[in-house]
Amino acid sequence: MPDAEDVRRIALSLPDTTEKIAWSMPTFRVAGKMFATLPEDETSIAVRCPKEERDELVMAEPRKFWIADHEAQFAWVRARLAALEDEDELRDILADSWRQAAPPRLLDSHPELGLPGGR
């Protein structure tokens, strides 16, 4: 089961990613734009996710994904770390979120990260 240190290690391995404390929690940013957070007691992550996909994820896997009330109007979803299959799934989730926040120059420079949904 992935944990907060796995989140930190994987997120920081993505190009041009930094960690910054905001709202009393670790946040991860690409080129200054936030793509993941470790809220509350670091047992879940919040990541970018288009609203259409987010709703489908939550309906398909409610044990794994949910929408925090204060994030409902934004394109973000939460994932419970204990419900993730393994580090590969965590890496896919973080990379998808990173791609949504990364500027085109980084996406062009790192084709090995693939396209969103191209797991």
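Predicted model only: the values in this text are computed from it and were never measured.

1. Topic: the environment of threonine 43
1) Next: Looking at where threonine 43 falls in the secondary structure, it is placed in the loop between β3 (33–37) and β4 (44–48).
2) Next: The class for threonine 43 is partly exposed, based on a relative accessible area of 44%.
3) Next: When the C-alpha atoms of threonine 43 and arginine 80 are compared, they prove to be 6.2 Å apart, with 37 residues separating the residues in sequence.
4) Next: What threonine 43 contacts, discounting residues up to four positions off in sequence, is Ala79, Arg80, Leu81 and Ala82.
5) Next: Polar contacts involving the side chain of threonine 43 include one to the side chain of aspartate 41, which spans 2.8 Å.

2. Structural notes on the nonpolar core
Generally speaking, a soluble globular protein has its nonpolar side chains buried in company with each other.
1) Next: Ranked by size, the top nonpolar core spans 26 residues in total, and within it Val7, Phe35, Ile45, Leu90 and Leu94 carry the most contacts.
2) Next: Secondary structure elements with two or more residues in this core: α1 (4–13), β2 (25–30), β3, β4, β6 (76–80) and α3 (87–101).
3) Next: Element by element, the count of residues in this core is highest for α3, at 5 residues.
4) Next: Ignoring anything within four residues of it in the chain, the contact list for isoleucine 45 reads Val7, Thr37, Leu38, Pro39, Val77, Arg78, Ala79, Leu81, Leu90, Ile93 and Leu94.

3. Topic: the confidence of the model for the protein chain
1) Next: Counting all residues, the mean pLDDT for the protein chain is 93, and 95% of those residues have values of 70 or more.
2) Next: Taken element by element, the protein chain is modelled with least confidence in helix α4 (residues 104–109), mean pLDDT 92, and with most confidence in β3, mean pLDDT 98.

Cut-off values and rules
Residues numbered from 1 in each chain as written. Predicted model: local features only at pLDDT ≥ 70, side-chain atom pairs only at ≥ 80, totals over all residues. Heavy atoms only, no water. Helix = DSSP H or I, 4+ residues; strand = E, 2+ residues; numbered from the N terminus. Buried < 20%, exposed > 50% of the residue type's maximum accessible area, 1.4 Å probe, protein only. Contact = heavy atoms within 4.5 Å. Polar contact = N/O pair within 3.5 Å; in protein donor to acceptor, adjacent residues only side chain to side chain. Core = buried A, V, L, I, M, F, W, Y, C linked by side-chain atoms within 4.5 Å. pLDDT = per-residue confidence, 0-100.

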